[in-house]
Amino acid sequence: MTVADLDSRLGSSELTEWMAYEKITGPLGRRRHDIQAATIASTIANANRGKGKKFEVKDFVPTYGLERQRPQDMLAAIRGINRSMGGDEHARRDD
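Keep in mind that what you see is a predicted model, and the values were worked out from it rather than measured.

**A word on helix α3 (residues 30-47)**
Here is step 1: Its 18 residues place the ends of α3 26 Å apart at the C-alpha level, agreeing with the 26 Å of an ideal helix rising 1.5 Å per residue.
Here is step 2: The complete set of buried residues in α3 reads D34, A38, S42, A45 and N46. When α3 is viewed along its axis, its buried side chains cluster within an angular range of 90° and face the same direction. Turned more than 90 degrees away from the buried face of α3, the exposed residues are H33, I40, I44 and A47.

**Here we look at helix α4 (residues 71-84)**
Here is step 1: Here α4 spans 20 Å end to end across 14 residues, near enough to the 20 Å set by a 1.5 Å rise per residue.
Here is step 2: Of the residues one or two after α4, G86 is the one with positive phi, at around 80°.

**Overview of the pattern of salt bridges**
Here is step 1: Taken as a whole and judged by the stated rule, the model has four salt bridges.
Here is step 2: The partner of K58 in a salt bridge is E56, and the shortest N-O contact between them spans 3.8 Å.
Here is step 3: Owing to a relative accessible area of 61%, K58 belongs among the exposed residues under this scheme.
Here is step 4: Residue E56 is classed as partly exposed on the basis of its relative accessible area, which comes to 42%.
Here is step 5: The salt bridge involving R79 is made with E89; its shortest N-O contact spans 2.9 Å. Of this pair, R79 sits in helix α4 while E89 is found in the segment after α4, placing the two residues ten residues apart along the sequence.

**Concerning a nonpolar patch on the surface**
Here is step 1: A contiguous nonpolar surface patch, about 310 Å² in accessible area, is contributed by W18, Y21 and L28.
Here is step 2: Topologically, W18 is positioned in helix α2 (residues 12-25).

About the thresholds
Residues numbered from 1 in each chain as written. Predicted model: local features only at pLDDT ≥ 70, side-chain atom pairs only at ≥ 80, totals over all residues. Heavy atoms only, no water. Helix = DSSP H or I, 4+ residues; strand = E, 2+ residues; numbered from the N terminus. Expected span 1.5 Å × (residues − 1). Buried < 20%, exposed > 50% of the residue type's maximum accessible area, 1.4 Å probe, protein only. Arc of directions from axis to C-beta. Salt bridge = Lys/Arg side-chain N within 4 Å of Asp/Glu carboxyl O. Patch = residues over 30% accessible without salt bridge, like charges linked within 9 Å, V, L, I, M, F, W, Y side chains within 5 Å. Areas by Shrake-Rupley, 256 points an atom, 1.4 Å probe, with all protein chains shown as cover.

Take a look at the structure:
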């Protein structure tokens, strides 16, 4: 369904009702799934972490519309998380 399609089918009062419903129950759709996955990810990360920073759900919720990270920055973040959890880094072997 396109936005124009939705606009022709959904009146202002119904949209207002859905907005109120979402305020009571929490986000709907993809955002809710992102939060559910982030909750599981933070639970697993905290169960396996060493001493140090406790992970929060917000650490695992994807952010959209922001500037993309460079691969080097993503790798640095992963290495930092690995170190904070007491992990070792092993070089990849190309045979």
